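# Structural description and commentary
Listed below are the residues making up each chain.
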Amino acid sequence: MKEHETVVQLSIPADAQFIDIARLTLYGLAAKMGFSYEEIEDMKVAVSEACNNAVLHAYNGKKGMIHLRFEMNAHSLVIVIKDEGKGFNYKQAAKQAAPLSAKPLEDVKVGGLGLFLMEALMDDVSVTTTSGTEVRLTKIRHQGEGEHAHECISSSSVQEQA
């Protein structure tokens, strides 16, 4: 863990009914950090997309877990969504998520817009597919934004992880 960083970790079953827990956790942490309502809503959509992908694709209908890690510092919130299921070809999926305006209508597939949405809503998105899938979503907090802007979430409100 980096200096002046607070980490909160959460593991939920890879089942759609538990994604709300991830969204609620994100909302609480992002609000404490001073993100605006619009930024928080964008982050919730991106996290939901990453979690939905894990639910739908990672475990082929078998039981599994989704691990979330919220890394908070004075400048940003990084949300890591990880599963231990089967990975996927990220380069091919990213290519399909390219801007839709450049594609003929007949080439647009139903589904597969999750990566496009995540990249449109977050400041940075990275995906690793070596051991399961790990999606890393970053939202930068600009100083002075939000009505409750803080330098960093206090360690008294969230226990720091070593």
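My aim in this report is to walk through the structure given alongside it, one point at a time. Keep in mind the model is a prediction, meaning the values are calculated, not measured. (Residues numbered from 1 in each chain as written. Predicted model: local features only at pLDDT ≥ 70, side-chain atom pairs only at ≥ 80, totals over all residues. Heavy atoms only, no water.)

### Quick word on the overall build of the protein chain
In terms of helices and strands, the protein chain carries four helices and five strands. In sequence order, the protein chain lays out its α and β elements as β-α-α-β-β-α-α-β-β. Residues classed as buried in the protein chain amount to 39% of the 162 residues present. Partitioning the intrachain contacts of the protein chain with sequence separation of at least 6 by distance along the chain shows that 67% fall at a separation of at least 24. (Helix = DSSP H or I, 4+ residues; strand = E, 2+ residues; numbered from the N terminus. Buried < 20%, exposed > 50% of the residue type's maximum accessible area, 1.4 Å probe, protein only. Contact = heavy atoms within 4.5 Å.)

### Here's the deal with the pattern of salt bridges
Tallied over the full model, the rule gives three salt bridges. We note a salt bridge from E71 to R69, for which the minimum N-O separation is 2.8 Å. Between R136 and E71 there is a salt bridge whose closest N-O contact spans 2.9 Å. With R136 in strand β5 (residues 133–140) and E71 in strand β2 (residues 65–72), this pair connects stretches of sequence that are 65 residues apart. (Salt bridge = Lys/Arg side-chain N within 4 Å of Asp/Glu carboxyl O.)

### A look at the sheet that holds β2
Taken together, the five strands give an open sheet; going across it, the order is β1-β2-β3-β5-β4, and neighbouring strands pair in antiparallel fashion. Of all the strands in the sheet, just β1 (6–13) and β4 (124–128) have a single pairing partner and so form its edges. Across the sheet, the mean angle separating the axes of adjacent strands is 15° when strand polarity is ignored. Taken together, the eight bridges between β1 and β2 define a ladder with antiparallel strand orientation. (Pairing = 2+ DSSP bridges. Axes fitted to C-alpha atoms, helices over the stretch in contact; angles between N-to-C directions.)

### Notes on the environment of A74
Note on placement: A74 falls in the loop between β2 and β3 (76–83). Residues A74 and T6, 68 residues apart in the sequence, show an inter-C-alpha distance of 9.7 Å.

### Brief notes about the packing of helix α2 (residues 37–58) against helix α4 (residues 114–121)
Contact geometry of α2 with α4 gives a least axis separation of 9 Å together with a crossing angle of 155°. Judged by the inter-axis angle, α2 sits roughly antiparallel to α4. The handedness of the crossing between α2 and α4 comes out as left-handed. Here D42, V45, A46, E49, A50 and N53 of α2 come into contact with α4, specifically with G114, L117, M118 and L121. Split by residue class, the contact of α2 with α4 holds six nonpolar, two polar and two charged. (Parallel < 35°, antiparallel > 145°, perpendicular 65-115°, else oblique. Left-handed = near helix turned anticlockwise from the far one by under 90°. Nonpolar A, V, L, I, M, F, W, Y, C, P; charged D, E, K, R; others polar.)

### Regarding the nonpolar core
M43, V47, L68, L77, I79, I81 and L137 are the most contacted members of the largest nonpolar core, which totals 34 residues. Sorting the residues of this core by element identifies β1, α1 (19–33), α2, β2, β3, α4, β4 and β5 as the ones contributing at least two each. When residues in this core are grouped by element, the largest group, eight residues, is from α2. (Core = buried A, V, L, I, M, F, W, Y, C linked by side-chain atoms within 4.5 Å.)

### Some words on the packing of α1 against α2
It is at 10 Å that the axes of α1 and α2 come closest, and there the two elements cross at 150°. Viewed along their axes, α1 and α2 adopt a mutual orientation that is roughly antiparallel. Between α1 and α2 the crossing geometry is right-handed. Along its contact with α1, which presents I19, A22, R23, L26, Y27, A30 and A31, the element α2 presents I40, M43, K44, V45, V47, S48, C51, N52 and V55. Residue classes in the contact of α1 with α2 are distributed as 12 nonpolar, two polar and two charged.

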